[in-house]
Amino acid sequence: MLFNSYPFILLFLPVVLAGYFWLGRRSNLTPVIWLALASLAFYAIGSWQFVALLVLSIAFNYGIGHLLIVAKLGPSRRKAALALGVAGDLLVLGIFKYAGFAVENVNALLGMHFAVHILLPVGISFYTFTQIAFLVDAYRGQVAAYALPHYALFVTYFPHLIAGPILHHKDMIPQFEREETKRPDGHLILCGVIIFAIGLFKKTCLADGIQPLVALAFETRSPSFDQAWCGALAYTFQLYFDFSGYSDMAIGISLMFGIFLPVNFNSPYKATSIVEFWRRWHVTLSQFLRDYLYIPLGGNRHGRVLRYVNLLITMLLGGLWHGAAWTFVVWGALHGAYLCVNHAFNAVVPTIPSALARPARIGGAVLTFLAVVVAWVFFRAESVAWALRVLHAMADPSNVVFGREEIAALVMIAVYAALVWLAPNTQGILGYDHANRRVGENLRAGRMRPLFLYGASLVLAFGILGIQSHSEFIYFRF
C-alpha cells in the first residue's frame, strides 16, 4: 500500500488511528498489538507473499536477542549467538537481494546461462539492518529486555517499514511503552497532518511532476549536451522530492500516533561538502554505516591510509545495499572517493582565512552538488555503459539541440532549484525537534494561524488531487 493512495488516506489510516486511540483508553498493551497487526496488514496488502518471511525474521531475531539479553551465556557462546544472528540475517538478505546478481556475474565470467529469478521482498533491507543493529547492541549489553509485542511493532511499524528511516530500538521502543502516546493529542495530530500534507505535495506534485523530464537523458539512446544535463538534473530533483516527500509523510503519520521518528532528510543539496551531504542525506543510513560498519572496521583509529580504505569499503557496501547492480557499486565507490578527497583536503587545509570563508562555502556547495549529480547518473542508469554515455553527452557542449522542449525543461528545473536552495525545509517550518519531542511550538502559541493553516490546507488539497493511479517511491526498490 502506498502513502500516496486514496485507500490509505481515506480508509486505512483513519481506521488504524481510531482503533489505536480507542484501545488506548483501556490498556497500554493492546494498542501496541493493534498497531503491530495493522502494520502487518499494511505490508500484506502490497507484499502478502513475504509476510511469513517478515514474521520469521522477527521471531528469529527476537529469539537471538533473548539469548543475548536474558540467558546467562559465557563470552564464547554470546559471540556465537551474535554470529548466528547476523549471519542468518545477511544470508536471507543475500539470497533474496544478491543471488541473481551473483549468478549473472558468474555467467558472464564462465560463459554459462543459469537463470535465477527471485522477487525482492519490499522493505527487507530496512528491517534487516534495523534488527542487525538490535543484535549488535544486545551483544554489547546496551539493550533492555523488551516484550515481544513492542519488539514486533519496532520492526513492523508501518510508517517506516517500506522505505525507512532505519529505526533504533533505544529511540522507538520506549516511545511505544509510554502511556501518553495512547491518548490522542490534538496538537500532534494537527502537526502530523500538516507535515504529511507537505510530504504528499512533494511526492505527487513535485517529484511526479518532473519525472517525465528524466527520459531526456535516460531513455534517449544518444542524448545531446542539453538533454543529458536536463535529464540528469531532473532526476536529481525527482529523487530529492521523492525521498523528502516520503520522509515527511512518514514523520507526519507517526506524529498522529504520538510517535516521533528521527529526521532522515535535511536539505542535503545545501551541503557545502560531501561529508556534510552524508550528514543530511538518508541520515539514519549514514549513522548505521558509521556505527555498525565504519567504526568496527577501525574507523580512523589506525592511521590516515586505513581510514580511507575503511571509508571506501563502507561506501562500496552502502552502494551495494541500495541495489544488486554494478551501477550501485560505482555509485558507492564514487561517494567513497569523494569522502576520501574531502577528508584529505581538510587535513591539508584545516582552516580557511575568514575573508575567503564565504566564497569557499559557495564553491564547496557548487562542487558538492555537481559531484552528487554525476554519481546520481550511475544510480539511475540501467547499466554502467548507459551512465557513461550520459556523462559523455554532458561533457560534450558541441552537440546541442536546445529546442522548445529543452527550454521548457530548463525553466522547470530552475523553479525546482529555487525551491531546493531558497525554501526552508519541513522540520524548519514546523520546528520539529525529535530529540526533545517538540513540534509546532509557534503554531501552538498562535503565532502561525490562520494564514498558515489555509496554506497547509491548500497544499493538502493539491497533494491529494495530484495522486496518480500508482506511483511508488523510489526507495521502495531498496
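Residues numbered from 1 in each chain as written. Predicted model: local features only at pLDDT ≥ 70, side-chain atom pairs only at ≥ 80, totals over all residues. Heavy atoms only, no water.

**Let's talk about the overall build of the protein**
Let me state the cut-off plainly: Put simply, DSSP H or I for four residues or longer makes a helix, DSSP E for two residues or longer makes a strand, and each gets a number counted from the N terminus. Here the globule rule reads 2.2 Å times residues to the power 0.38, and the radius of gyration is calculated from C-alpha atoms. Relative accessibility thresholds used throughout: buried, under 20% of the residue-type maximum; exposed, over 50%; partly exposed, between the two (1.4 Å probe, protein chains only).
Helix and strand counts for the protein come out as 21 helices and zero strands. A globule of 478 residues ought to have a C-alpha radius of gyration of about 23 Å, and the protein, at 23 Å, matches this closely. In terms of principal-axis extent, the alpha carbons of the protein reach across some 70 × 60 × 55 Å. For the protein, the proportion of its 478 residues judged to be buried stands at 51%.

**Topic: helix H11 (residues 225-256)**
To keep things clear, this is the line we draw: Here the expected span of a helix is defined as 1.5 Å times the quantity of residues minus one.
The terminal C-alpha atoms of H11 lie 47 Å apart, and with 32 residues this matches the ideal 46 Å at 1.5 Å per residue to within 8%. For H11, the tally of buried residues reaches 30 of 32 residues, placing the bulk of the element in the interior. Downstream of H11 by one or two residues, Gly-258 has phi in the positive range, about 80°.

**Description of the packing of aromatic side chains**
Put simply, the rule reads: For Phe, Tyr and Trp, where Trp contributes only its six-membered ring, two rings pair if their centres lie within 6.5 Å, and the inter-plane angle classes them as stacked under 30 degrees, edge-to-face over 60, or tilted in between. Geometrically, a lysine NZ or arginine CZ counts as sitting over a ring once it is within 6 Å of the ring centre and also within 35 degrees of the ring normal.
All chains considered together, the criterion is met by 48 aromatic pairs. With a centroid separation of 5.2 Å and 85° between ring planes, the pair formed by Phe-126 and Trp-321 is classed as edge-to-face. One end of the pair, Phe-126, is in helix H5 (residues 124-139); the other, Trp-321, is in helix H14 (residues 304-322), with 195 residues separating them in the sequence. For the pair formed by Phe-126 and Trp-321, the shared burial category is buried. The ring of Trp-321 carries the charged tip of Lys-97 above its face, separated from the ring centre by 5.3 Å.

**Regarding the layout of surface pockets**
To be explicit about the condition: In the cavity and pocket records, a cavity denotes points on a 1 Å grid over the protein atoms alone where a 1.4 Å probe fits but cannot get out, a pocket denotes an open set with protein on both sides within 12 Å along at least 5 of 7 lines, and lining residues are residues with an atom within 4 Å of a point. Grid points are joined across faces, edges and corners, and a volume is the space filled by probe spheres set on the points. Each residue is assigned to one class: nonpolar for Ala, Val, Leu, Ile, Met, Phe, Trp, Tyr, Cys and Pro, charged for Asp, Glu, Lys and Arg, and polar for all the others, Gly among them.
Volume-wise, the second largest pocket comes out at about 610 Å³. Thr-272, Ser-273, Asn-342, Phe-345 and Gly-364 are the residues nearest the centre of the second largest pocket, which is lined by 21 residues in total. Those elements that provide at least two residues to the lining of the second largest pocket are helix H12 (274-280), helix H15 (326-348) and helix H16 (354-380). Among the elements that line the lining of the second largest pocket, the one with the most residues is H16, at eight residues. A breakdown of the residues in the lining of the second largest pocket according to their chemical character gives twelve nonpolar, eight polar and one charged.

**Observations regarding the side chain of Thr-181**
Quick reminder of the rule: Nitrogen and oxygen atoms within 3.5 Å of one another constitute a polar contact, given that in protein one can donate a hydrogen and the other can accept it, and given that sequence-neighbouring residues count only through two side-chain atoms. Only heavy atoms enter the contact rule, under which two residues are in contact if any of them lie within 4.5 Å.
Structurally, the position occupied by Thr-181 is in the loop between helix H8 (169-177) and helix H9 (186-210). Since its relative accessible area comes to 2%, Thr-181 is described here as buried. Within polar-contact distance, the side chain of Thr-181 engages the backbone oxygen of Gln-175 at 3.4 Å. The residues touching Thr-181, leaving out its near neighbours within four places in the chain, are Tyr-20, Phe-21, Gln-175, Phe-257, Gly-258, Ile-259 and Arg-437.

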